[in-house]
Amino acid sequence: MNSVLQCLSNTEPLVKFFLFELHHHQINPKNTYGTRGKLAMAFADLISEMYLGKSKSVAPWDVKN
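The model shown is predicted, which means the values in this text are computed figures rather than measured ones.

Conventions and cut-offs
Residues numbered from 1 in each chain as written. Predicted model: local features only at pLDDT ≥ 70, side-chain atom pairs only at ≥ 80, totals over all residues. Heavy atoms only, no water. Axes fitted to C-alpha atoms, helices over the stretch in contact; angles between N-to-C directions. Helix = DSSP H or I, 4+ residues; strand = E, 2+ residues; numbered from the N terminus. Parallel < 35°, antiparallel > 145°, perpendicular 65-115°, else oblique. Contact = heavy atoms within 4.5 Å. Nonpolar A, V, L, I, M, F, W, Y, C, P; charged D, E, K, R; others polar. Salt bridge = Lys/Arg side-chain N within 4 Å of Asp/Glu carboxyl O.

## Examining the packing of helix α2 (residues 12-19) against helix α3 (residues 38-52)
Then, in step 1: Orientation of α2 relative to α3, taken along the N-to-C sense of each, is 100°, at an axis distance of 9 Å. It follows from the interaxial angle that α2 and α3 lie roughly perpendicular. In contact with Leu 14, Val 15, Phe 18 and Leu 19 of α2, α3 contributes Ala 40, Phe 43, Ala 44, Ile 47, Ser 48, Tyr 51 and Leu 52.
Then, in step 2: Here the residues of the contact of α2 with α3 sort into 10 nonpolar, one polar and no charged.

Here it is in structure tokens:
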């Protein structure tokens, strides 16, 4: 999981997509077959914390759960 998150967090178009909050228009909270956007929101929070947060390290607990 660590390697995948490192790769994703260093993919510039993907990071911009989440940092500029463009993902909000793509989430379907009523979809009963998926995570209802919970995974996307957790990943967005992780990216935000990694790039805009003040911590030197970040634990991806919400993404894992």
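After presenting the structure, the write-up continues.
## Description of the pattern of salt bridges
Then, in step 1: Summed over all chains, the structure comprises one salt bridge.
Then, in step 2: Across the salt bridge formed by Lys 16 and Glu 12, the nearest N and O atoms sit 2.9 Å from each other. Of the two residues, Lys 16 and Glu 12 are both situated in helix α2; the distance of four residues between them amounts to about one turn of the helix.

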